[in-house]
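A look at the structure
So you can see what is in the structure, the chains are spelled out below.
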Amino acid sequence: MLHYLLLFFLSTGLALSSDCPADCSCQVQESIFCIHRHSSTVPRVPTTTQNLYIFQNGIVTLTQDDFKGLVELELLDLSQNELTEIPDDVFGMLSKLKNLDLSSNRITHISKHSFSGLVQLERLYLHANHIKSIHLEAFEGLEMLLELKLQENQLTSLPSLHFPNLLLLDLSYNNIPTLRASDLETPHLEALKVASLGLISVDEDLIASLKNLHELDISINQLDEVPLALKQDSLKGLIKLSLAANPLGELRVEDFQKLSGLQELDLSGLYLQGFPQSFFQNFPRLIHLTAAENPFNCLCPLVWFPVWLKEKGVILGRPEETRCHFPLVNAGKMLSALEHNDFGCPQTTTVMTSSPIGSTPVPQMPTTSPETTHTNAIPPPPPPSDETIPSKTDSYPLPPEPPVSPSSTSGEYEQHICPPNICLNGGTCNFDPLSQLSCMCPSGTSGLYCENVDEVPEPPKPSVTEVSVVAPPMPDKLDAISSRQVTSTSILLDLHRFIETRPNIRGIRLTYRNLSGPDRRPMILSVPASYPEYTLRGLRPNCTYSVCASPLGERINSRVNSSVEIGSCTEARTEGVPLTSIDPWEEPEISMTYTLISALSALALVLGLAVVAGTIICLRKRRQANAGMEVELGPADPDPMELEGIKACLENGGNGTLPLKQPEIERCNTPQPPPFLQQNGGFDYEAPLMQGRCPSNNNLASLKPSYF
């Protein structure tokens, strides 16, 4: 009996191997794999084949004879070939075909009869082609279709897609700026991917018609705000949402209240600097969050985020790309890896007093008028060390000190010093009588550290019973910039409030001009949004400068008067400098002119003295020679040239030969000595010390501003 079974299996294997095409694999029953055949035609396969994989073969064209007799075929993979078109009725015989993959070819258009006869087709993959147009009736008859992939083509419009059973539709990476409800008649659609279509809005009627939607990808579009379509009740069943790489202004909690069922959320590339602590309360089922490529401010208001990730068990996608941008001590660090101490939060200490005092919370004062403030109590920090730096309160002076209760110790109250930069948005740090550190928030801001910017309502009329609290004067604009530490050549700008009120700007344009000089043309600088302080350098002393800040990328109206800047502005006057301490590059040009004239005069005087000295030496040597000759030959008549005192001294060239040629010296436009002094070998001529120094025609230092 065993022999008969062996013979049966051997005969079956021989039959399969004999029917298997060359360069193909037929190891799996009723499935044939023809990969990398390097043939431009479809291979001949048995009529019983159900799954045929012939990708990466180099097939250029298809004919009806290629699939003749394959009535049992259910899967056909023709991806990664060289097809440029789909001939009409080429798949007409494949009545049982359910899966057709034509992706990664070179198909340019879909005709009316490209898919005729595919009445059982469930999955059609046409992505990564060059499709520019689809016939309006190309998909008629595909009533059973479940998945349609058209991403990464060149489509600019779509025919009306009527698929009553369609579950997945991918149109990403085309150029379809508008998508209406009439374009998609897909009532059972579960996944819609429309990334990088150029959408500027999402049609509310379209989303309302998709009552079974579980996944929505609207990333990499031109959405400048969270679409109103996301506020519909039809999205209560949405599980996966991607808003990545859209120019959204900000994320508000109320925009996501209908999305309580979200399990996966992608917020990467939105230029977010942080999240409100209550933001993720809308997503109790969230298990996967992606927030990569955002410039996070890793300060105390964001200290809760890594703790929340661990407590809720939320998986952070792309953690290596989720890093801090500010402050510099945390720049480049992974946000999820930071500890509590890395965020710079004040530490909590317990202060013991002689008598028991109950903890009395400081009431929060309503923002009823621009002159009122509200206080948020913060646990006091530890006693300061000798190196503790007091907080800066130049912009917002402290309010009058409250009365100290008899039970508190004044010595303990005075020894506490506020940590630097603990209060944001211009808030002022101080201690109350119970030694509790608190932030005095200016009007329009709120939160423990004044980190939230609120919309200031219309101030109501104060009632008789209300207690008015007089606050220090605040600037007219919440986003105004201010100047600090003004020197004779620099101005330190405080940009904290300007950045806090615009959390999503990509940069800051600084425009400054000298109002005291004849040249009032503006100088423009581009500063990163991560610089809360910036120093303008290279300024002139004792001058008034106007400095304005505006978000980088905003257009400036050329019709506006040049003296009026767009954005937040401030003025500051640089300090004067004593004449004894003026730097060389700040001296006026007239002083340089006098210096050059004095140098040239000294040079001319030295040259004149050198000429006279050379003449005297030559005459003295000549007289000595004549005196010797007179001893031997007797006195001779005086040479008339000697009487003139200008006869050349030829001791070094007295034999009639020409003097040796001296190396040519760079003269730098300075006066040269007379020829008879240049030819004496250089023994009797001393070059002036200033000869080697050449006056420069660019000796005034540039006043270009420093960017760092």
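Residues numbered from 1 in each chain as written. Predicted model: local features only at pLDDT ≥ 70, side-chain atom pairs only at ≥ 80, totals over all residues. Heavy atoms only, no water.

This paragraph deals with the overall build of the chain. Of the regular secondary structure elements, the chain holds eight helices and 31 strands. For the chain, with 708 residues in total, the buried portion stands at 38%. Long-range pairs, those at least 24 residues apart, make up 55% of the contacts in the chain with a sequence separation of at least 6. When the accessible surface of the chain is totalled, it reaches about 40800 Å², and 55% of it is carbon and sulfur. (Helix = DSSP H or I, 4+ residues; strand = E, 2+ residues; numbered from the N terminus. Buried < 20%, exposed > 50% of the residue type's maximum accessible area, 1.4 Å probe, protein only. Contact = heavy atoms within 4.5 Å. Areas by Shrake-Rupley, 256 points an atom, 1.4 Å probe, with all protein chains shown as cover.)

Glancing now at helix H3 (residues 304-312). Among the residues of H3, Trp 304, Phe 305, Pro 306, Trp 308 and Leu 309 are the ones counted as buried. Buried residues in H3 make contact with strand S16 (288-290) and strand S18 (315-317). Count one or two residues on from H3 and you reach Gly 313, which has phi positive near 70°.

The residue Ser 114 is located in the loop between strand S5 (109-110) and strand S6 (123-125) in this model. Within the structure, the side chain of Ser 114 is placed 2.7 Å from the side chain of Ser 111, a separation counted as a polar contact. With sequence-adjacent residues up to four places away left out, Ser 114 is seen in contact with Ile 86, Pro 87, Asp 88 and Phe 91. (Polar contact = N/O pair within 3.5 Å; in protein donor to acceptor, adjacent residues only side chain to side chain.)

Attention shifts here to the packing of aromatic side chains. The tally for this structure, following the rule as stated, stands at 20 aromatic pairs. Arranged with centres 5.1 Å apart and planes meeting at 65°, the rings of Phe 275 and Phe 280 form a pair that is edge-to-face. On the basis of relative accessibility, which here comes to 4%, the residue Phe 280 falls in the buried class. Each member of the aromatic cluster is reached from another via a ring pair, and the members are Phe 256, Phe 275, Phe 279, Phe 280, Phe 283, Phe 296, Trp 304, Phe 305 and Trp 308. (Phe/Tyr/Trp six-rings, centres within 6.5 Å; stacked < 30°, edge-to-face > 60°.)

What follows covers the state of the cysteines. On inspection of all chains with the given rule, the structure shows five disulfides. The disulfide bridge from Cys 24 ends at Cys 34, spanning 2.0 Å between sulfur atoms. Note on the Cys 24 and Cys 34 pair: the S-S dihedral is about 110°, so by sign convention the disulfide is right-handed. Of this pair, Cys 24 sits in the loop between helix H1 (2-19) and strand S1 (31-33) while Cys 34 is found in the loop between S1 and strand S2 (51-53), placing the two residues ten residues apart along the sequence. Judged by relative accessible area, which is 0%, Cys 34 ranks as buried. Sulfur-sulfur distance for the disulfide between Cys 300 and Cys 345 comes to 2.0 Å. (Disulfide = S-S within 2.5 Å.)

Time to look at the sheet that holds strand S25 (residues 482-484). Spatial ordering of the open sheet is given by S25-S26-S29, a layout of three strands whose pairing is antiparallel. Pairing within the sheet leaves two strands with one partner each, and these edge strands are S25 and strand S29 (533-536). Neighbour-to-neighbour, the strand axes of the sheet open up by a mean angle of 35°, direction not taken into account. (Pairing = 2+ DSSP bridges. Axes fitted to C-alpha atoms, helices over the stretch in contact; angles between N-to-C directions.)

Here we come to the pattern of salt bridges. Under the criterion given, the structure shown has 15 salt bridges. Between Lys 193 and Glu 215 there is a salt bridge, and its shortest N-O distance comes to 3.9 Å. In this pair, Lys 193 is assigned in strand S12 (residues 191-193) and Glu 215 in strand S13 (residues 215-217), connecting sequence segments 22 residues apart. Looking at Lys 193, the relative accessible area reads 24%, which means it is partly exposed. Here Lys 240 makes a salt bridge to Glu 264, at a shortest N to O gap of 3.8 Å. Pair noted here: Lys 240 is in strand S14 (residues 240-242) and Glu 264 is in strand S15 (residues 264-266), with a separation of 24 residues, a long-range link. Here Lys 240 falls in the partly exposed class, since its relative accessible area comes to 35%. One continuous salt-bridge network, built from bridges that share partners, spans Lys 193, Glu 215, Lys 240 and Glu 264. (Salt bridge = Lys/Arg side-chain N within 4 Å of Asp/Glu carboxyl O.)

Bringing the sheet that holds strand S31 (residues 568-573) into the picture now. Taken together, the four strands give an open sheet; going across it, the order is S28-S27-S30-S31, and neighbouring strands pair in antiparallel fashion. Edge positions in the sheet fall to strand S28 (523-528) and S31, since each has one partner strand and no second. Geometrically, the sheet is characterised by an average inter-axis angle of 25° between neighbouring strands, direction not taken into account. Pairing of strand S27 (residues 507-514) with S28, which is carried by six bridges, proceeds in the antiparallel orientation.

With that settled, consider the nonpolar core. With 102 residues, the main nonpolar core has Leu 76, Phe 91 and Phe 115 as its most contacted residues. Elements with a minimum of two residues in this core: helix H2 (204-209) and H3. Contacts of Phe 115, omitting those with residues within four sequence positions, involve Ile 86, Leu 100, Leu 102, Ile 110, Leu 124, Leu 126, Ala 138, Phe 139 and Leu 142. (Core = buried A, V, L, I, M, F, W, Y, C linked by side-chain atoms within 4.5 Å.)

Time to look at the side chain of Asp 255. Residue placement: Asp 255 occurs in the loop between S14 and S15. A relative accessible area of 3% means that Asp 255 is categorised as buried. One polar contact links Asp 255 to Lys 231, side chain to side chain, over a distance of 3.2 Å. Look past the residues within four positions of Asp 255 in its chain and what remains in contact with it is Val 226, Leu 230 and Lys 231.

Chain-level pLDDT for the chain is 75 on average; 65% of the residues reach the 70-or-more range. Across residues 630-708, where pLDDT falls below 50, the model places 63 contacts with residues more than four positions away in sequence or in other chains. (pLDDT = per-residue confidence, 0-100.)

Right, let's talk about unusual backbone geometry for a bit. Here the amide bond leading from Phe 326 into Pro 327 is cis, since omega sits at 0°, within 30 degrees of zero. The topology assignment puts Pro 327 in the loop between strand S19 (324-326) and strand S20 (374-378). Phi is positive for Asp 23, close to 65°, though the residue is something other than glycine. Inspection of the secondary structure assignment puts Asp 23 in the loop between H1 and S1. Residue Asp 23 is classed as exposed on the basis of its relative accessible area, which comes to 59%. Of note in this structure, Gln 56 is not a glycine but carries a positive phi near 60°. You can see Gln 56 is positioned in the loop between S2 and strand S3 (75-77).

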